[in-house]
Amino acid sequence: MWAYAARRVVIGILLLLALSLVTFILFFASPADQAKLACGKQCTQAQIAVTEKALGYDKPVYEQWAGFAKGVVAGRDFPIDQAQREAAPETVTHCAAPCLGFSKYYGETVNSLIKDYAPISISLAVVAVVLWLFFGVLLGIAAAVTKGSILDRGIVGLTLLVYAFPTFFIGVFFLKYVVVKWGLLDYPYYTPIAEGGVWGWLTNLWLPSLTLALVFLASYVRMTRAFVLESLGEDYIRTAKAKGLNSRAVLFKHGLRAALTPLVTMTGIDFGTLLGGAIITESVFAYPGLGLLTVQSSQAWDLPTVVGIVLIAGSFVVLMNIIVDIAYAFIDPRVRLG
Amino acid sequence: MEQNAHMDEKQPFLKVENLKVHFPTQDGLVKATDGLSYALDRGQTLGIVGESGSGKSVSSSAILGLHRGTNAKVEGRILLDGVDLLALNNAEMRKLRGKEIAMIFQDPLSAMHPYYTVGNQIAEAYRVHHKVSKKAARTRVIDMLELVGIPQPDVRFDSYPHQFSGGMRQRAMIAMALINDPSLLIADEPTTALDVTVQAQILDLLQNLQREFNTAIIIITHDLGVVAEMADEALVMYAGRAVEHGRVKEVLTHPQMPYTWGLLSSVPDITGDPNARMVPVPGNPPSLLSPPTGCAFHPRCVHRDKVPGDLCTTELPDLVPGPRGGLHLKRCHLADPESIYQNEVIPEIAPDLAEER
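Residues numbered from 1 in each chain as written. Chains lettered and ligands numbered in written order. Predicted model: local features only at pLDDT ≥ 70, side-chain atom pairs only at ≥ 80, totals over all residues. Heavy atoms only, no water.

Describing the state of the cysteines
Taken as a whole and assessed by the stated rule, the structure comprises 1 disulfide over all chains. In this model A:C95 forms its disulfide with A:C99; the gap between the sulfur atoms is 2.2 Å. For the disulfide bridge between A:C95 and A:C99, the dihedral angle about the S-S bond is near 110°, and by the sign convention the bridge is right-handed. Here A:C95 falls in the buried class, since its relative accessible area comes to 2%. Here A:C99 falls in the buried class, since its relative accessible area comes to 1%. B:C312 takes part in no disulfide bond, and the closest cysteine sulfur, belonging to B:C295, lies 6.0 Å away. Cysteine B:C332 shares no disulfide, and the gap to the nearest cysteine sulfur, in B:C301, comes to 6.3 Å. (Disulfide = S-S within 2.5 Å. Buried < 20%, exposed > 50% of the residue type's maximum accessible area, 1.4 Å probe, protein only.)

This is the structure we're talking about:
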């Protein structure tokens, strides 16, 4: 079991290394002059050369990537060029391990950028996953047990209708009508728990998280419905009924248990992806999360930030997959690992 | 009063009267079971035989009330100890399920939940009907596992179904079915998924347990060998109806209905003449949506021309006592099935047997 988990972690780390390398290469394949972009439009040729040295853009790609990988493990000092560091020690920024780089565009390390932006994306993802799982599974079960009825058709049809609306439409609708016109809720501004307490944090997350959750709701309703129906058609359900169990025990203890496996997989993947930032929702609500940071840094050709985000988002996905695999072993004894 | 007591004594333990199970579908009404009647006493075994889709499983599931909550229309009467099961409400029926009436299913691997231990699943069956602690239930389950011949039952309690062999799983299913000492056990093809040696063990086990607990057993099968070994009475089903019903020995040695002859012909006989032909029943099972007119077996019956006129195609024969006596019922228009069987069928399927006489 633990050997299996360790193996998965090692594979995950290798995967992330490959991911960062691919991102590096992709950026360098682009025709943009990194140093010029990092330095700014008014820079002279000499200033650009200094920036190039400071950020290491004068070195070949593999060397830059090796320096980056080393920084992740051991930490790094910026500017990269030693002569520059010695000439002006007051400008040196130390980036402790795991160092993801230094963004000239933002003027700070990628680590501190992510530290600022990630909590917002994580908060959004956590509240959203709770919302869509709760309502998705609940409605899915309700649809499954009333299969073919008006309720079933209503649930499936309505969630599909919601699914058909793009996220930016729902988000803007919430803001324009629910908040501004009808005044049902206060305008949401991200409030950390440290400032507003759990309640303040949560009330400000309602609308953006709901917007995000609605995207996933339809597919979770349909999946839950399908999995529960499939499970209820199994022979062991007939056995459970033949034992004299009541229908609640048959559904929840026997039926739902088997439907859990695919649901856990899907949730793990979706949640992992979402932790890396919800670009549209964050843009609509102007929530400075990783999604917004992705957009800004990509537009600015800010390579270190983009690589950092890709790596962080990748780590979330890899981590969630490992958790899902381990969760399998707890759910299904047939995959219990020796 | 005295007369009543007398009546009760005569009343069989299980009495199924004119049972109908119909499924409305988009294409029309499927009459899976259409007017089935039989009776069974404690300690006795009834073997229900028929090919797939003849209504044998459907009619037995109706006894357990497993069609409740589906769109099936169930009519008739099922009297268990004088109580009409079809008149009970769902809660009352649930109390009988697993307690008075238990069922063993065909494929024990899919009939057990893959995520729970075998012991837990059996204990669950016990605790539904007995308010006991988990520990007491565990002790009871281990006793039961031992009774059905599972070695190291205290260790095996915590195994999962996939860690059991096929025969072990079926033994565990039997333990689950018998843990509440049911008075009626329905075994739906209990040995179909097992190899032959394990089949024999499972059948022996069922017989021993029946003797011990005086259980009435309905065994559903398409294997006449199983019926011959296990059952006291045999009931042959075709297209949702009984076509022949009587003591096992009677039905197997003096079958009165061409369909039963067909079933007997299709049994391979390992002790018999290797040159004897194994004759399948010609044609396909009938559609239950639009069953053939008259006798449902007529399109496949090779003896149809021995019946005068077009009786077979126009009129459904009644299930009536055959020429051999009151307890042996048959549903066939043939006037003298016995002589046809002796003179035409036996020489074809068992030439050596025919020569002996």
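Once you've had a look at it, read on.
Considerations on the confidence of the model for chain A
On average, residues of chain A carry a pLDDT of 89, and 99% of them reach 70 or more. Within chain A, the lowest mean pLDDT, 77, falls on helix α2 (residues 34-39) of chain A, and the highest, 94, falls on helix α6 (residues 110-145) of chain A. (pLDDT = per-residue confidence, 0-100. Helix = DSSP H or I, 4+ residues; strand = E, 2+ residues; numbered from the N terminus.)

Let's talk about the domain arrangement of chain A
Residue and element names in this part refer to chain A. In terms of domain boundaries, chain A breaks down into domain 1 (2-111) and domain 2 (115-335). Its C-alpha centre places domain 1 at a distance of 34 Å from the equivalent point of domain 2. At the interface, 27 residues of domain 1 touch 24 residues of domain 2. Interface area, domain 1 with domain 2, both sides summed: about 2,200 Å², of which 76% is carbon and sulfur. Contact with domain 2 buries area across many residues of domain 1, yet L16, F27 and Y106 alone supply 24% of it, more than any other trio. The tally of links from domain 1 across to domain 2 stands at 1 salt bridge. (Domains from an automatic or database assignment. Contact = heavy atoms within 4.5 Å. Buried area = accessible area lost by both parts, 1.4 Å probe. Salt bridge = Lys/Arg side-chain N within 4 Å of Asp/Glu carboxyl O.)

Focus: the sheet that holds strand β2 (residues 28-40) of chain B
Residue and element names in this part refer to chain B. The 4 strands lie next to each other as β2-β1-β4-β5, forming an open sheet whose pairing is antiparallel. Each having just a single partner strand, β2 and β5 (83-84) make up the two edges of the open sheet. Bridge count for strand β4 (residues 73-80) against β5 is 2 bridges, and the pairing is antiparallel. In the sheet register, L80 faces β5, and the bridge partner there is V83. This element, helix α2 (residues 56-63), spans β1 (14-25), β2 and β4 of the sheet and lies at about 115° to β1. (Pairing = 2+ DSSP bridges. Axes fitted to C-alpha atoms, helices over the stretch in contact; angles between N-to-C directions.)

Remarks on the pattern of salt bridges
Under the counting rule described, the total for this entry stands at 16 salt bridges over all chains. Close ionic contact of A:D325 with A:R8 constitutes a salt bridge, the shortest N to O distance being 2.0 Å. In this pair, A:D325 is assigned in helix α14 (residues 303-331) and A:R8 in helix α1 (residues 2-29), connecting sequence segments 317 residues apart. Using a relative accessible area of 24% as the deciding quantity, one classes A:R8 as partly exposed. The shortest N-O distance in the salt bridge between B:R140 and B:D181 comes to 3.9 Å. On the criterion of sequence distance, the pair formed by B:R140 in helix α6 (residues 134-147) and B:D181 in the loop between α8 (166-178) and β7 (184-188) is long-range, its members being 41 residues apart.

Section: the nonpolar core
One broad rule of soluble globular proteins: the nonpolar side chains tend to lie buried together. If you look at the biggest cluster of nonpolar residues, it comprises 110 residues, and the most contacted ones within it are B:L14, B:Y38, B:I63, B:I101, B:L184 and B:I218. When residues in this core are grouped by element, the largest group, 8 residues, is from α8(B). Formed jointly, this core draws a minimum of three residues from each of two domains, domain 1 (110-181) and domain 2 (258-356) of chain B. Residue contacts for B:I218: discarding those within four places in its chain leaves B:L14, B:Y38, B:L40, B:L46, B:I48, B:S60, B:I63, B:L184, B:L185, B:I186 and B:A187. In terms of nonpolar packing, the next biggest core, distinct from the first, is built from 75 residues, A:C99, A:V110, A:I155 and A:L207 among them. (Core = buried A, V, L, I, M, F, W, Y, C linked by side-chain atoms within 4.5 Å.)

Some words on the domain arrangement of chain B
Domain parsing of chain B yields domain 1 (110-181) and domain 2 (258-356). Placing a centre on the C-alpha atoms of domain 1 of chain B and another on those of domain 2 of chain B gives a separation of 43 Å.

Observations regarding the confidence of the model for chain B
Any segment with low pLDDT has predicted coordinates that should not be analysed in fine detail. Residues and elements named next belong to chain B. Looking at chain B as a whole, the pLDDT averages 88, with 92% of positions reaching at least 70. Here residues 1-7 scores under 50 on pLDDT; set against residues more than four positions off or in separate chains, the count is 0 contacts. This complex was scored by the predictor with a pTM of 0.82 and an ipTM of 0.86.

Brief notes about the side chain of B:Q256
Residue and element names in this part refer to chain B. Within the secondary structure, Q256 is located in the loop between α11 (248-253) and α12 (258-265). Within the structure, the side chain of Q256 is placed 2.9 Å from the backbone oxygen of H254, a separation counted as a polar contact. Within the structure, Q256 has its side chain in polar contact with the side chain of E338 (distance 3.1 Å). (Polar contact = N/O pair within 3.5 Å; in protein donor to acceptor, adjacent residues only side chain to side chain.)

Here's the deal with a nonpolar patch on the surface
Residues and elements named next belong to chain A. On the surface, L158, L161, F165, F168, F169, F173, W182, L184, L185, I279 and I280 cluster together to form a nonpolar patch covering roughly 1,100 Å² of accessible area. Broken down by secondary-structure element, the contributors of at least two residues to the nonpolar patch are α7 (150-164), α8 (167-181) and α12 (279-285). Looking at the nonpolar patch, the element that brings in the most residues is α8, giving 3 residues. With respect to the secondary-structure elements, W182 resides in the loop between α8 and α9 (193-232). (Patch = residues over 30% accessible without salt bridge, like charges linked within 9 Å, V, L, I, M, F, W, Y side chains within 5 Å. Areas by Shrake-Rupley, 256 points an atom, 1.4 Å probe, with all protein chains shown as cover.)

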